Amino acid sequence: MTSSLMLALSEFEVAEANLVKLERLWSEIDEMLPRGLSFGINPEFEDRERAFTSVLSALPMIDGWKPPIRLMTPNEVAQWRFDAMEIGEPGAELALDEAVDQPGKELREYRARFTQKRRELIRDTLIDTMDGIDGDLQTLRATTKPLEKHNALPTEPWEQLKAKVKQIEVLLGSSVQHPATWSNLRRHLHFGMVGDFLDIDTRDWPPARDALRKGLYGANEPLPQMTADLGELASSKPKGSVATQLQWDRLGAEAFERLIFTLISSEPNYETAEWSMKTNAPDRGRDLSVFRVMRDSLSDVQRARVIIQCKHWLSKSVGAADVAAAVAQTEHWDSPKVDTLIIATTGRFSADAVSWIDKHNDAKKVPRIESWAESRLELILAERPWLIAEFTSDESPATQLTIAP
């Protein structure tokens, strides 16, 4: 049975095919419009005009809007140019140029809205697929350790990886630009040797994943704004108490993980953030992995591997047993070794957990443990209000409706 997402993608593909036709037809029509004083009948223009009108009528609306395009005829353009020369005003020529280009401007506006909506459509599925690729690569790391570079890869996990890459290509379409390393990734997938996997794991996929995430959450996309005029809002002299705590209950467990992932991905001193596909934690949460970069002008750059376990716990504290279990789980991570374990929670740490962590760190045991309780997260996020806005907005990626199969 075809999924609702696939049906939606098919509709977007048809719309894009029509949009491409309109863009091509407009380019041909624009070439036929006179640049001077040329009057007469042009059957080719009439053919293009009829085709353009027909395709435009088939173009679907986006949020109730579609281009309100009216094409100017060659004789209308020539007459406007003649009138502009008669009155001798430079502004008349400029107005004509703007009127002639109006259909192109409307099509560019539709293209921009189309691209934004298609990104919204694929966002959740694309992120899940990228997480799946991280999991496949993690599996392949373990299975290829005893193999030489010229050996063939295990069939099942390699085929799973190839299938997910193909799915990403279908999801992307033209709405998100393919990363610069994508062609290399596809080439290495084709050959399928251990050496190809190593190139994908270390060179091709990390920058591709980062580029895809940036493409999905474009810095130029607006956040929903309830207020039309901030001046009027300030003039209204609003009164009342000020919230001193973030509304963690507005985020689900997965959205909390994504918030922490977005936080570490946006910090300059953190590199190569990725999700684990393991779900051994009591709350079924997945760990995050990242490298913390320490730069010293008098020494080399040092990178420490950090594992972050996210616990969206609103009604209970993290206890000593929870911390011990998190430390034990770090032993199952592949090399390089885990230097630091961060436990991030929307709740608190119990007194025995704080004591356990202090004793562990005082004994210089590895990994070192950092506790990010609700109060610390509030301080971190207070300095990054854009992140709070993105993950608490009613239309933010964290709260969008997931398309069901």
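All of the points below concern the structure found in this document. (Residues numbered from 1 in each chain as written. Predicted model: local features only at pLDDT ≥ 70, side-chain atom pairs only at ≥ 80, totals over all residues. Heavy atoms only, no water.)

## Details of the overall build of the chain
When helices and strands are tallied, the chain shows 13 helices and five strands. Put simply, 71% of the contacts in the chain that link residues at least 6 apart link residues at least 24 apart. Accessible area for the chain stands at about 22500 Å²; split by element, carbon and sulfur atoms hold 53% of it. (Helix = DSSP H or I, 4+ residues; strand = E, 2+ residues; numbered from the N terminus. Contact = heavy atoms within 4.5 Å. Areas by Shrake-Rupley, 256 points an atom, 1.4 Å probe, with all protein chains shown as cover.)

## As for the nonpolar core
Ranked by internal contacts, the top residues of the largest apolar core, which has 77 residues, are Phe-52, Ile-168, Trp-205 and Ile-308. Counting residues per element, this core draws most heavily on helix α4 (residues 90–144), at 13 residues. Ile-307, Val-318, Val-327 and Val-338 belong to the second largest nonpolar core, which has 15 residues in total. (Core = buried A, V, L, I, M, F, W, Y, C linked by side-chain atoms within 4.5 Å. Buried < 20%, exposed > 50% of the residue type's maximum accessible area, 1.4 Å probe, protein only.)

## Quick look at the packing of aromatic side chains
The tally for this structure, following the rule as stated, stands at three aromatic pairs. Residues Phe-12 and Phe-114 carry aromatic rings whose centres are separated by 5.4 Å and whose planes lie at 45° to one another, so their mutual orientation is tilted. With a gap of 102 residues between them, Phe-12 in helix α1 (residues 4–32) and Phe-114 in helix α4 connect regions that are remote in the sequence. Over the ring of Trp-65 we find Arg-113; its NZ or CZ atom is 4.1 Å from the centre of that ring. (Phe/Tyr/Trp six-rings, centres within 6.5 Å; stacked < 30°, edge-to-face > 60°. Lys NZ or Arg CZ within 6 Å of the ring centre and 35° of its normal.)

## Describing unusual backbone geometry
Backbone torsion omega between Val-366 and Pro-367 reads 5°, so that peptide bond is classified as cis. Checked against the element boundaries, Pro-367 lands in the loop between α11 (351–362) and β5 (368–372). A positive phi angle, close to 55°, is found at Asp-63, a residue other than glycine. Relative to the helices and strands, Asp-63 is located in the loop between α2 (43–58) and α3 (74–87). Given the relative accessible area of 66%, Asp-63 is considered exposed. Here Lys-364, not a glycine, exhibits a phi torsion of approximately 60°, which is positive. Positionally, Lys-364 belongs in the loop between α11 and β5.

## Observations regarding the packing of helix α5 (residues 155–172) against helix α7 (residues 194–216)
Taken N-terminus to C-terminus, the directions of α5 and α7 make an angle of 25°; their axes are 14 Å apart at the nearest point. One finds that α5 runs roughly parallel with respect to α7. The two elements α5 and α7 cross, and the hand of that crossing is left-handed. Along the contact surface, α5 presents Trp-158, Ile-168 and Leu-172, while α7 presents Phe-197, Ile-200, Trp-205 and Leu-212. (Axes fitted to C-alpha atoms, helices over the stretch in contact; angles between N-to-C directions. Parallel < 35°, antiparallel > 145°, perpendicular 65-115°, else oblique. Left-handed = near helix turned anticlockwise from the far one by under 90°.)

## A word on α2
Between its terminal C-alpha atoms α2 stretches 23 Å, which fits the 22 Å expected from 16 residues at 1.5 Å a residue. Burial in α2 covers these residues: Phe-45, Phe-52, Val-55 and Leu-56. Buried residues of α2, seen end-on, are gathered within an arc of 100° and therefore sit on one face of the element. Projecting away from the buried face of α2 at angles above 90 degrees are the exposed residues Arg-50 and Ser-57. (Expected span 1.5 Å × (residues − 1). Arc of directions from axis to C-beta.)

## Regarding a nonpolar patch on the surface
The grouping of Leu-37, Phe-39 and Phe-82 at the surface amounts to a nonpolar patch, some 290 Å² of accessible area in total. Within the secondary structure layout, Phe-39 lies in the loop between α1 and α2. Taking the relative accessible area as the measure of exposure, Phe-39 reaches 46% and is therefore partly exposed. (Patch = residues over 30% accessible without salt bridge, like charges linked within 9 Å, V, L, I, M, F, W, Y side chains within 5 Å. Salt bridge = Lys/Arg side-chain N within 4 Å of Asp/Glu carboxyl O.)

## Some words on the pattern of salt bridges
Per the stated rule, a full pass over the model turns up 24 salt bridges. Between Arg-258 and Asp-128 there is a salt bridge; the shortest N-O distance is 3.3 Å. Remark: Asp-128 occurs in helix α4 and Arg-258 occurs in helix α9 (residues 253–266); sequence separation between them is 130 residues. Of the residues examined, Arg-258 reaches a relative accessible area of 10% and is grouped as buried. A salt bridge links Arg-186 to Glu-169; the shortest N-O distance between them is 3.1 Å. With a gap of 17 residues between them, Arg-186 in helix α6 (residues 182–191) and Glu-169 in helix α5 connect regions that are remote in the sequence. Residue Arg-186 is classed as partly exposed on the basis of its relative accessible area of 32%. Members of the salt-bridge network, linked through shared partners, are Asp-134, Arg-141, Asp-201, Arg-209 and Glu-274.

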